[in-house]
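# Observations on the three-dimensional arrangement
These are the residues of each chain, in order.
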Amino acid sequence: MKPPSKFGLLMLALFSTAAARGTYAAPAQTQVLDTAPATNEQIAAAQTLIDKHFALWNSNDMSKYRQAYDAIYAKNFLMADYSGVARSYDDVVALIQKVQAAHPGFHFTPKPVAINHGLGRVTWGYGPADDPTLITGEDIFTIEDGKITSLRVFLNK
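Residues numbered from 1 in each chain as written. Predicted model: local features only at pLDDT ≥ 70, side-chain atom pairs only at ≥ 80, totals over all residues. Heavy atoms only, no water.

### Notes on the packing of aromatic side chains
To describe a pair of aromatic rings, you give the distance between the ring centres and the angle between the ring planes. Scanning the entire structure with this criterion turns up 9 aromatic pairs. Residues phenylalanine 106 and tyrosine 126 carry aromatic rings whose centres are separated by 5.3 Å and whose planes lie at 65° to one another, so their mutual orientation is edge-to-face. Of the two residues, phenylalanine 106 sits in the loop between α4 (89–102) and β3 (107–110) while tyrosine 126 sits in strand β5 (residues 119–127), which places them 20 residues apart along the sequence. Among the residues examined, phenylalanine 106 registers a relative accessible area of 18% and is labelled buried. Taken together, the ring pairs in this structure connect Phe54, Trp57, Phe106, Phe108, Trp124 and Tyr126 into an aromatic cluster. Over the ring of tyrosine 89 we find arginine 66, and its NZ or CZ is 3.9 Å from the ring centre. (Phe/Tyr/Trp six-rings, centres within 6.5 Å; stacked < 30°, edge-to-face > 60°. Helix = DSSP H or I, 4+ residues; strand = E, 2+ residues; numbered from the N terminus. Buried < 20%, exposed > 50% of the residue type's maximum accessible area, 1.4 Å probe, protein only. Lys NZ or Arg CZ within 6 Å of the ring centre and 35° of its normal.)

### Looking at unusual backbone geometry
If you check the backbone angles, histidine 117 has positive phi at about 50° while not being a glycine. With respect to the secondary-structure elements, histidine 117 resides in the loop between β4 (114–116) and β5. In this structure, aspartate 145 takes a positive phi of about 50° despite not being glycine. When you line up the elements, aspartate 145 lands in the loop between β6 (135–144) and β7 (147–155).

Keep in mind these values describe shape, not function.
Dropping the structure here:
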């Protein structure tokens, strides 16, 4: 078994610190299970939205963050990762900047999305150009009215 990566250890430490301080809050929203299979149009729309999500996380152009954020995420957006919960534009931008500062030159490379009864999943790699899957993970997400409403991040390595 490989030891955890520095990134994984960093994320675990950040999450543990937030939990110890009591700043980690459980999500407040409740999702309703969609019992219908996803259509090809829904899958294509989800893929486009997820591509925009990762384009934002790969971008260093802060002048475009607000417009991109508003086009991608719902007003009640919630993102949970190992460092805590982001519920606003400022929270998400702070996470993007933290991740980019910790790993200069790294980029996310998402794979195709999968939709299962209203829940979406995308696996991804994160790393430099010569090792784009140095870190891998997956996001579980929900979409309502054409925008991402929730996103949970899981690290694999």
